[in-house]
Amino acid sequence: MTLTGSFQLAASTITFLLAAICAKSWALGPSSAKLLLTIGLYSVGNLIMLRLVREFGMASAFSLSAVIQLIAVNLIALMVFGERLSLVQSIGIVLAVLAVCLITFGPVAE
């Protein structure tokens, strides 16, 4: 991945994290402004992802984005919003991270 690609991936991740925070905020106290901000942020994140898909391919772009977001969103949910996961859910997240890592980095190992 190029330096430009890394910056785009970081930008999309930050955008999606902000959108997730807005979505949680909307869920706790719905308003039209929060909903529009959430939709706008997700739209911007997806536009950035389209560029990454063109540059690196769909599998690589979405796999890397998915594992980064999975970790980051769960950290925010647990640390900021005080959510709790059961043991089974925690194991599922660990397995999901491992699965996406294998998909993403598998071709390098071959």
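Residues numbered from 1 in each chain as written. Predicted model: local features only at pLDDT ≥ 70, side-chain atom pairs only at ≥ 80, totals over all residues. Heavy atoms only, no water.

### Description of the nonpolar core
Rule in force here: To form a nonpolar core, buried Ala, Val, Leu, Ile, Met, Phe, Trp, Tyr and Cys residues must be joined to one another through side-chain atoms within 4.5 Å. Here's how the labels work: a residue is buried when its accessible area is under 20% of the maximum for its type, exposed when over 50%, partly exposed in between, all with a 1.4 Å probe on protein chains only. Going along the chain from the N terminus, every DSSP run of H or I of four or more residues is numbered as a helix, and every run of E of two or more is numbered as a strand. Contacts between residues were defined by any pair of non-hydrogen atoms, one from each residue, lying within 4.5 Å.
With six residues, the main nonpolar core is built from Leu-9, Phe-16, Met-49, Leu-52, Ala-61 and Leu-64. Put simply, the parts of the chain that give this core at least two residues each are α1 (3–28), α2 (32–56) and α3 (58–79). Setting aside its immediate chain neighbours within four residues, Leu-52 contacts Gly-5, Gln-8, Leu-9, Ser-12, Gly-57 and Ala-61.

### Let's talk about α2
Rules: Here a helix's expected span is defined as the number of its residues, less one, multiplied by 1.5 Å.
Compared with the 36 Å implied by 1.5 Å per residue over 25 residues, the 36 Å span of α2 between its first and last C-alpha is a close match. Residues Thr-38, Leu-41, Gly-45, Met-49 and Leu-52 constitute the buried set of α2. Where α2 ends, the next residue or the one after it, Gly-57, has phi of about 95°, a positive value.

### What to know about the packing of aromatic side chains
As a reminder, the rule being used: Centre distance within 6.5 Å is the pairing criterion for rings of Phe, Tyr and Trp, where only the six-membered ring of Trp is used; planes under 30 degrees apart are then read as stacked, over 60 as edge-to-face, and the remainder as tilted. By definition, being over a ring means that NZ of Lys or CZ of Arg is both within 6 Å of the ring centre and within 35 degrees of the ring normal.
In the structure shown here, the tally under the stated rule is one aromatic pair. Residues Phe-16 and Tyr-42 carry aromatic rings whose centres are separated by 6.0 Å and whose planes lie at 40° to one another, so their mutual orientation is tilted. With Phe-16 in helix α1 and Tyr-42 in helix α2, the pair connects residues that are 26 residues apart, well separated along the chain. Accessibility expressed as a relative area gives 8% for Phe-16, which makes it buried. Looking at Tyr-42, the relative accessible area reads 31%, which means it is partly exposed. Directly above the ring of Phe-81 sits Lys-24, whose terminal nitrogen or CZ lies 5.8 Å from the centroid.

### What to know about the packing of α1 against α3
As a reminder of what qualifies: Throughout, an axis means a line fitted to C-alpha atoms (over the contacting stretch in the case of helices), and angles, computed between N-to-C directions, take values from 0 to 180 degrees. In this scheme, roughly parallel covers angles under 35 degrees and roughly antiparallel covers those over 145, while 65 to 115 is roughly perpendicular and the rest are oblique. In this scheme the crossing of two helices becomes right-handed for a clockwise turn of the near helix relative to the far one and left-handed for an anticlockwise turn of less than a right angle. Side-chain classes are defined by residue name, with Ala, Val, Leu, Ile, Met, Phe, Trp, Tyr, Cys and Pro counting as nonpolar, Asp, Glu, Lys and Arg as charged, and the others, Gly among them, as polar.
The contact between α1 and α3 brings their axes to 10 Å, and the two run at 40°. Compared by their axis directions, α1 and α3 come out oblique. Crossing handedness for the pair α1 and α3: right-handed. Counted together, Leu-9, Thr-13, Phe-16, Leu-17, Ala-20 and Ile-21 of α1 and Leu-64, Ser-65, Ile-68, Gln-69, Ala-72, Val-73 and Ile-76 of α3 form the full contact between these two elements. A per-class count over the contact of α1 with α3 returns ten nonpolar, three polar and no charged.

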